[in-house]
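Analysis of the macromolecular model
Here is what each chain is made of, one letter per residue.
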Amino acid sequence: LSFEDAVYIIKLLDSEKTSAVLMELNEDIREKILQTLSAKEIAEEVEELDSDDAADIIGELSEERQEAVMSQIEDKEQVKEIEELLTYDEDSAGGLMAKELVKVNENWSVLKCVREMRMQAEKVTRVHSIYVVDDLDKLKGRLSLKDLLITSTKTAISEVYIPNVDFVNVHDNLDEVSNKMRKYDLEAIPVVDENGILVGRITIDDIVDFIKDEAEKDYQMAAGISQDVEADDSIMDLTKARLPWLVLGLLGGLGSVYIMRGFDEALATHVELFFFTPLIAAMAGNVGVQSSAIIVQGLANDNVKGSLFKRLLKEVGLALINGLALGVLVILFGALTQMDQQVAFTIAISMLLVIIVAALVGTFVPIILDKKGIDPAIATGPFITTSNDIFGIFLFFFIAKLILNF
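Described below are features of the structure shown in this document. (Residues numbered from 1 in each chain as written. Predicted model: local features only at pLDDT ≥ 70, side-chain atom pairs only at ≥ 80, totals over all residues. Heavy atoms only, no water.)

Next up on the list: the overall build of the chain. Tallying secondary structure elements over the chain gives 18 helices and six strands in all. The C-alpha atoms of the chain give 29 Å as radius of gyration, which overshoots the globular expectation for 406 residues (22 Å, by more than 25%). Judged by the C-alpha coordinates and their principal axes, the chain covers about 90 × 55 × 35 Å. Put simply, the chain has 406 residues, and 43% of those count as buried. Approximately 22,800 Å² of the chain is accessible, and the part contributed by carbon and sulfur atoms is 57%. (Helix = DSSP H or I, 4+ residues; strand = E, 2+ residues; numbered from the N terminus. Rg over C-alpha atoms; globule rule 2.2 N^0.38 Å. Buried < 20%, exposed > 50% of the residue type's maximum accessible area, 1.4 Å probe, protein only. Areas by Shrake-Rupley, 256 points an atom, 1.4 Å probe, with all protein chains shown as cover.)

Take a look at the structure:
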């Protein structure tokens, strides 16, 4: 539909339907639609949503519009929940959680528990888990629906609940949340505050959306795009996202030119070396990107652990095997094409050393960035490729100078 027809449909249908539609729309389109709706109309949409989705909608508005919409919401308890969720960082567990959940007191009987659950469940779209709290609302454990069904109605919940429960803190970053939910195959995870009080839950659908967004962002970073953009964005937005990395590539290329100028004697006496510089640069860039991509993936999945020295030995060993295999192929190529064997040997040795250095750079740059709190995905793509091109060309001519004596 055209934008005008889309807005017409939104205003025509009831909020119970359109509120769900709004949450499925692209953020840019939703923002444009919200601009056409009055504060009262937005409030009607928000009232049909769970607290986390409601907070997302409100958070996209200007402060003035937020106040206007909140004043139109009739359910003051929902207003309080939205205000609480907006205080958390959007990249934290608190910023993603929903307030709707089912919780029971450890001192209740099974019969009272069932009665209370019926009332609470009316506000919860999906009941993934039943959480057990004490009189201060501190999380104590979880309740199995099977145990609830087969236990006497007079039994106290404290006798049947499961004390072991995975949870996250409101200030935990979403990478930690996603790793924990993935590790333990959780459909939902409870969120507690600094005092251990149960304040909300995060469901699998929300964390999958976060993982998808992060994957798209990392993919764009690896491709040398510095901010989140889409194919239909304006030329100016696309230029601002791509140009910084292209400038980095230009600087790297200019650096390579000056390195080659420093070895002009080599090009004068062994002109054939010039024709192999793209090969050396390409191998350095490819090996570096391969190594960094594996490390970035491991960091994202929290699999990069253990001794850095052992990882160093592993990368050096792998690079040696790959470098020796490729070096032998270069020497064979030189023999078949009647190349000067000393030149072929120079290229093979250079490639071996370049591959080792590129593997180390591709491995340790993402780890260092991660330890400094910088997204390691920035290490892949143009950053690693450009740096390894420079290292590769320098090593190539330096080794050539040592072997060929020019």
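Additional details are given in the paragraphs that follow.
Once that is clear, we can look at the packing of aromatic side chains. One pass over the full model with this rule turns up three aromatic pairs. Here the aromatic rings of F274 and F275 are separated by 5.7 Å at their centres, their planes lie at 75 degrees, and the arrangement is edge-to-face. Classification of F274 as partly exposed rests on a relative accessible area of 41%. (Phe/Tyr/Trp six-rings, centres within 6.5 Å; stacked < 30°, edge-to-face > 60°.)

Hydrogen bonds along the backbone pair up the strands of a sheet, which may run parallel or antiparallel. Strand order in this open sheet of three strands is β1-β2-β3, and the pairing throughout is mixed. Of all the strands in the sheet, just β1 (102-105) and β3 (139-143) have a single pairing partner and so form its edges. Recorded for the sheet is a direction-independent mean angle of 35 degrees between the axes of neighbouring strands. Note that β1 and strand β2 (residues 130-133) share four bridges and pair parallel. (Pairing = 2+ DSSP bridges. Axes fitted to C-alpha atoms, helices over the stretch in contact; angles between N-to-C directions.)

Let us now look at the nonpolar core. Side chains of nonpolar character tend, in soluble globular proteins, to be buried together. Ranked by internal contacts, the top residues of the largest apolar core, which has 39 residues, are I42, V46, I82, M97, V177, V191 and I202. Once residues lying within four places of it in the same chain are set aside, the contact partners of V191 are A93, M97, V168, N169, V170, I197, L198, V199, G200, R201 and I202. Listed in part, the 29 residues of the second largest apolar core include F263, V330, I355 and F397. (Core = buried A, V, L, I, M, F, W, Y, C linked by side-chain atoms within 4.5 Å. Contact = heavy atoms within 4.5 Å.)

Looking at the secondary structure, you find T385 in helix α18 (residues 382-404). Residue T385 is classed as partly exposed on the basis of its relative accessible area of 26%. In sequence terms T385 and A39 are 346 residues apart; their C-alpha atoms lie 50 Å from each other. Leave out the neighbours within four places in its chain, and T385 touches G285 and V289.

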